[in-house]
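Working through the structure, step by step
Residues per chain are reported as follows:
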Amino acid sequence: MKKQELKKMLAGIFKAREDEITDSATINDIPGWDSISHMDLVLSLEKTFPIRLDGDEIADMQSVKAVLEILNKHGIEID
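Residues numbered from 1 in each chain as written. Predicted model: local features only at pLDDT ≥ 70, side-chain atom pairs only at ≥ 80, totals over all residues. Heavy atoms only, no water.

This paragraph deals with the overall build of the protein. Within the protein one finds 4 helices and 0 strands. The C-alpha radius of gyration computed for the protein amounts to 11 Å, which stays within 12% of the reference 12 Å derived for 79 residues, consistent with globular compactness. Oriented by its inertia axes, the alpha-carbon framework of the protein measures out at about 25 × 25 × 20 Å. Burial status across the protein gives 42% buried among its 79 residues. (Helix = DSSP H or I, 4+ residues; strand = E, 2+ residues; numbered from the N terminus. Rg over C-alpha atoms; globule rule 2.2 N^0.38 Å. Buried < 20%, exposed > 50% of the residue type's maximum accessible area, 1.4 Å probe, protein only.)

Note on placement: Ser37 falls in helix H2 (residues 35-48). Its relative accessible area of 5% is what places Ser37 among the buried residues. Among the polar contacts listed, one links the side chain of Ser37 to the backbone oxygen of Gly32, at a separation of 2.6 Å. Apart from the residues lying within four places of it in its own chain, the contact partners of Ser37 are Ile13, Phe14 and Gly32. (Polar contact = N/O pair within 3.5 Å; in protein donor to acceptor, adjacent residues only side chain to side chain. Contact = heavy atoms within 4.5 Å.)

For the rest of this paragraph, the subject is the pattern of salt bridges. The final tally for this structure, using the stated rule, is 7 salt bridges. Across the pair Asp19 and Arg17 runs a salt bridge, and its minimum N-O distance is 3.0 Å. We note that Asp19, like Arg17, is exposed. Put simply, Lys3, Lys7 and Asp23 are held in one network by salt bridges that share partners. (Salt bridge = Lys/Arg side-chain N within 4 Å of Asp/Glu carboxyl O.)

Right, let's talk about the packing of helix H1 (residues 3-14) against H2 for a bit. Where H1 contacts H2, the two axes come as close as 9 Å, and the packing angle between them is 145°. When the axes of H1 and H2 are compared, the crossing they make is right-handed. On H2, the residues touching Leu6, Met9, Leu10, Ile13 and Phe14 of H1 are Ser37, Asp40, Leu41, Ser44, Leu45 and Thr48. Looking at side-chain class alone, the contact of H1 with H2 contains 7 nonpolar, 3 polar and 1 charged residues. (Axes fitted to C-alpha atoms, helices over the stretch in contact; angles between N-to-C directions. Left-handed = near helix turned anticlockwise from the far one by under 90°. Nonpolar A, V, L, I, M, F, W, Y, C, P; charged D, E, K, R; others polar.)

Shown next, in the form of C-alpha cells:
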C-alpha cells in the first residue's frame with residue numbers, strides 16, 4: 001500500500017483533511033482522533049491487512065508514525 005492511500009484512509013476515519021495526516025501527527029494533533037475513531041482505526045487496519053493487533057499495539061498507536069511502525073512490525077510495508 002502506498003503511504004498516500006494509508007493517509008487517505010486515516011483522514012476518512014478521523015474526519016480530517018489529508019494534509020493533517022503527517023508522519024509526525026499525534027493523537028493530540030488530529031481533533032477527530034478520539035477513543036471511538038481509534039477503535040475504528042484498529043478495525044480498519046485489521047480488515048485491510050491480514051493482522052490482529054494486541055492490546056499493547058492498540059494502546060501504542062498514538063501517532064501516525066507509530067501506526068506505520070506497528071504495520072511494519074507485522075510485515076506490512078507502506079511505501
